[in-house]
Amino acid sequence: MDEVLIGEVLRPHGISGELRVYPLTNNAKRFLKLQEVILRSGTTNQRFKVIEARLQMEFVLLAVEGIATADQAEKYRGCEVRIDRSEVLPLKEGWYYFELEGMQVYEEDVLLGTISQVLETGANDVYIVKGVKEELCIPALKSVVKNVDVSGRRMDVILPPGLRD
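Residues numbered from 1 in each chain as written. Predicted model: local features only at pLDDT ≥ 70, side-chain atom pairs only at ≥ 80, totals over all residues. Heavy atoms only, no water.

Asker: I'd like a description of the pattern of salt bridges, backed by residues and values.
Answerer: All told, the structure shown has ten salt bridges when counted by the stated rule. Of the charged contacts, one joins Glu-99 and Arg-85 as a salt bridge, the two residues approaching to 3.6 Å between their closest N and O atoms. Note that Glu-99 is positioned in helix H2 (residues 97–100) and Arg-85 in the loop between strand S6 (80–84) and H2, a separation of 14 residues in sequence. Given a relative accessible area of 34%, Arg-85 falls into the partly exposed group. Among the charged side chains, a salt-bridge network with shared partners connects Glu-36, Arg-47 and Asp-84. (Salt bridge = Lys/Arg side-chain N within 4 Å of Asp/Glu carboxyl O. Helix = DSSP H or I, 4+ residues; strand = E, 2+ residues; numbered from the N terminus. Buried < 20%, exposed > 50% of the residue type's maximum accessible area, 1.4 Å probe, protein only.)

Laid out in structure tokens, this is it:
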């Protein structure tokens, strides 16, 4: 995974080509430090140098090189806003959800499957693990998740009784 999704273009803002972006991150201030963004629509990616980013309520107003009018900005409505993975700020502890997706999950030495999605539920997160024969919903609890090796792309778990029933 070379790119990370951090927002979605909602619509143009004003007449000078700014983009109103809904941030898909818990830290919208990260937009203020960006040098470059990738706007993706389907399989089409375009890189843009960031001129200015500013926060307005829960949104980000983004000005990029090459988009100077509201009509030009309109073409990017609904686009994903992505950044290179190298621009992701490291966490003091833990990991990002995108680092878990695609990770292989094992119980002892038995491969259960691959994490396809992380769901935020209120009480605890849930890892959706797709295996060959079944899909499992594994709670993200210390009593269940015993080891996470992000660089090795492996998670070791001990399934609670009844999870597969």
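Asker: Would you mind going over the sheet that holds strand S8 (residues 110–120) in detail, with residue names and values included?
Answerer: Across the sheet, six strands lie side by side as S10-S9-S8-S7-S12-S11; this open sheet has mixed pairing. Where the open sheet ends on each side, the last strands, each with one partner, are strand S10 (135–139) and strand S11 (145–149). Mean inter-strand twist for the sheet, computed between neighbouring axes without regard to direction, equals 30°. Of the strand pairs in this sheet, strand S7 (residues 104–107) and strand S12 (residues 154–157) are connected by three bridges, and their pairing is parallel. By the bridge assignment for S12, Gln-104 is matched with Arg-154. (Pairing = 2+ DSSP bridges. Axes fitted to C-alpha atoms, helices over the stretch in contact; angles between N-to-C directions.)

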